[in-house]
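This is what each chain is made of:
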Amino acid sequence: DEPAWLDGCHSATQIKSALAQHRPPGTPLRQLDQECRQLLANREVRATLATLQSSGVDAEYLSLDLRDAAAVAQALGGVQRKYGPIRGVVHGAG
């Protein structure tokens, strides 16, 4: 969840401005850019999940390293126990 002070901030410029106001003076611009990109990515994930779920799709977001076979198996096993057979997986990197 995002802090309430980000309510109403939609553009990258608005988000960076709000972040700058809530971070210590002298926070590097690179850090503000990184935080902004992460916030926007998280918003996109939440919006996509909401769209899928409003269409009746059981969808869940999991963040894990696909190179870790044991972690993938554990995650998929948990999803199968919760929802039953898996009918699709969407992979997003970056």
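Residues numbered from 1 in each chain as written. Predicted model: local features only at pLDDT ≥ 70, side-chain atom pairs only at ≥ 80, totals over all residues. Heavy atoms only, no water.

We now examine helix α2 (residues 29–54). In this model, α2 (26 residues) spans 37 Å end to end at C-alpha, consistent with the 38 Å of a helix rising 1.5 Å per residue. Within the sequence span of α2, burial applies to L32, E35, C36, L39 and L49. In this fold, the buried residues of α2 make contact with α1 (12–21). In the segment just after α2, G56 is the residue with positive phi, at about 90°. (Helix = DSSP H or I, 4+ residues; strand = E, 2+ residues; numbered from the N terminus. Expected span 1.5 Å × (residues − 1). Buried < 20%, exposed > 50% of the residue type's maximum accessible area, 1.4 Å probe, protein only. Contact = heavy atoms within 4.5 Å.)

Once that is clear, we can look at the nonpolar core. With 8 residues, the main nonpolar core is built from L6, C9, I15, A18, L19, L32, C36 and L39. At the level of elements, α1 and α2 are the ones that each hand at least two residues to this core. Leave out the neighbours within four places in its chain, and I15 touches L6, C9, H10, C36, L39, L40 and R43. (Core = buried A, V, L, I, M, F, W, Y, C linked by side-chain atoms within 4.5 Å.)

When you line up the elements, Y61 lands in the loop between α2 and α3 (69–83). Placed 29 residues apart in sequence, Y61 and V90 show a C-alpha to C-alpha distance of 9.4 Å. Discounting chain neighbours no more than four positions away, the residues touching Y61 are V45 and L49.

Evaluated as defined, the whole model comprises 6 salt bridges. Salt-bridge contacts for R43 lead to E2; the nearest nitrogen and oxygen are separated by 2.8 Å. Remark: E2 occurs in the segment before α1 and R43 occurs in helix α2; sequence separation between them is 41 residues. A salt bridge links R23 to E35; the shortest N-O distance between them is 2.6 Å. (Salt bridge = Lys/Arg side-chain N within 4 Å of Asp/Glu carboxyl O.)

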